[in-house]
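Single-letter residue listing:
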Amino acid sequence: MNYIFLAADLKVGDTIGFTFFLTSIAMLAATVFFFIERGAVSEKWKLSLTVSGLITGIAAVHYYYMRDVWIETGMSPTEFRYIDWILTVPLMCVEFYLLTKVGLKKMVTASIIMLITGYFGEAGLFPVGNIGPAFWGLLSGLAYFYIVNEIYRGDIAQAAAKAGKKIVNANSLLLKFVVIGWGIYPLGYLIGTADGQWYGALSGFVSADFREIIYNIGDAVNKIGFGMVIWSVAKK
Ligand SMILES: *C/C=C(C)/C=C/C=C(C)/C=C/C1=C(C)CCCC1(C)C
């Protein structure tokens, strides 16, 4: 039920709805923080904080819609989720680029391929028999591994090695975020799409809805957490 203005009715015991609310408010607060703190860091870090604020700001707006979709319908807000990601993940690549100054085009291209194929899988598009989600998930995973490999030992790593110790350090921080932070998402995908798939055993352990919690945690870690790491480096 809606009250005066878009105030979603969060029920007691709706854990997933709770995480949607929590994340939406945290994104908003982080946005205010990054834009205010932008004035308190040295010139060369200002752009990074602006991008951090844009990422959490875009996410805050989407979370506002996503929590309503969840609370009103109990369904996964897949559309809003992927619209958010297709805007914020390339912006994260821009953040990475601002740290390392290498590989922007490759990162953005691979991340977009990763998200479009992931969306096809989650939206249940073009299913070939029943292999749709597994097929698209695999393609998406390949794009993800390509990104990890580039940062770990591919062109991005090599360019970083040439650019000196500072950039090498920035690159290894980035590797951690892409392996641990981004690595959370495929787990949500597997849980959310398990039904009827060869990895269907997963649905015996956790409900498909658990995907939302994983994605919400992933977004908080990557958008707010990564922004905070940048901020703390900028303050030093
Ligand atoms: C702020 C949002 C972020 C950082 C979103 C990142 C999303 C991913 C790294 C998604 C990856 C996926 C795979 C690697 C395979 C399965 C499908 C996806 C799209 C969930």
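Residues numbered from 1 in each chain as written. Predicted model: local features only at pLDDT ≥ 70, side-chain atom pairs only at ≥ 80, totals over all residues. Heavy atoms only, no water.

> Where do I start with the overall build of the protein chain in this structure?
Helix and strand counts for the protein chain stand at nine helices and zero strands. Traced from its N-terminal end to its C-terminal end, the protein chain shows the element sequence α-α-α-α-α-α-α-α-α. Since a compact globule built from 236 residues should have a radius of gyration of about 18 Å, the 19 Å found for the protein chain is in line with a globular shape. Taking contacts inside the protein chain between residues at least 6 apart in sequence as the whole, the part at least 24 apart equals 72%. (Helix = DSSP H or I, 4+ residues; strand = E, 2+ residues; numbered from the N terminus. Rg over C-alpha atoms; globule rule 2.2 N^0.38 Å. Contact = heavy atoms within 4.5 Å.)

> Explanation requested: the packing of helix 3 (residues 78–100) against helix 4 (residues 104–123) in the structure shown.
How two helices pack is summed up by the angle between their axes together with the distance between the axes. Contact geometry for helix 3 and helix 4: axes closest at 9 Å, N-to-C directions at 165°. As judged from the angle between their axes, helix 3 and helix 4 are roughly antiparallel. In the crossing of helix 3 with helix 4, the sense of the turn from one axis to the other is right-handed. The segment helix 3 lies against helix 4, with T78, E79, Y82, W85, I86, V89, P90, C93, V94, F96 and Y97 engaging L104, M107, V108, S111, I112, L115, I116, G118, Y119 and E122. (Axes fitted to C-alpha atoms, helices over the stretch in contact; angles between N-to-C directions. Parallel < 35°, antiparallel > 145°, perpendicular 65-115°, else oblique. Left-handed = near helix turned anticlockwise from the far one by under 90°.)

> Help me out: how do you make sense of the nonpolar core in this one?
Generally speaking, soluble globular proteins have nonpolar side chains that are buried together. Ranked by internal contacts, the top residues of the largest apolar core, which has 41 residues, are F96, I151, V178 and W182. No other element matches the nine residues that helix 3 contributes to this core. With residues near it in sequence (within four places) discarded, W182 still touches V89, M92, C93, F96, M114, Y144, I147, F177 and N222. The next biggest cluster of nonpolar side chains, apart from the first, holds 13 residues, and it includes F20, A30, F34 and A59. (Core = buried A, V, L, I, M, F, W, Y, C linked by side-chain atoms within 4.5 Å. Buried < 20%, exposed > 50% of the residue type's maximum accessible area, 1.4 Å probe, protein only.)

> Looking at this structure, how should I read the site of the ligand?
Around the ligand, the surrounding shell holds 18 residues, and the nearest of these are M114, S140, Y185, D219 and K223. Considering the ligand on its own, with 520 Å² of exposed area, one finds that the protein chains cover 99% of that surface. Every element with two or more residues in the shell around the ligand is listed here: helix 3, helix 4, helix 5 (132–152), helix 8 (184–193) and helix 9 (210–235). With five residues, helix 3 is the largest single contributor of residues to the shell around the ligand. Looking at side-chain class alone, the shell around the ligand contains 11 nonpolar, five polar and two charged residues. (Near = heavy atom within 4 Å. Areas by Shrake-Rupley, 256 points an atom, 1.4 Å probe, with all protein chains shown as cover. Nonpolar A, V, L, I, M, F, W, Y, C, P; charged D, E, K, R; others polar.)

> I'm lost on the side chain of K46 in this one. Help?
By the element assignment, K46 lies in helix 2 (residues 43–73). If we skip the residues at most four places from it in the chain, K46 touches R38, G39 and V41.

> Sorry, what's going on with the side chain of K223 here?
Examined against the element boundaries, K223 turns out to sit in helix 9. The class for K223 is buried, based on a relative accessible area of 4%.

> So what exactly am I meant to see when it comes to helix 7 (residues 165–181) here?
Along an α-helix, residues three or four positions apart point the same way, because every turn accommodates 3.6 residues. Taking 1.5 Å per residue, 17 residues should reach 24 Å; helix 7 reaches 23 Å between its end C-alpha atoms and fits that length. The complete set of buried residues in helix 7 reads I167, A170, N171, L174, L175, F177, V178 and G181. For helix 7, the secondary structure elements touched by its buried residues are helix 3, helix 5, helix 6 (155–163), helix 8 and helix 9. (Expected span 1.5 Å × (residues − 1).)

> I would appreciate a short explanation of the environment of A40 in the present structure.
By secondary structure assignment, the location of A40 is in the loop between helix 1 (15–37) and helix 2. Counting along the chain gives 123 residues from A40 to A163, while the straight-line C-alpha distance between them is 27 Å.

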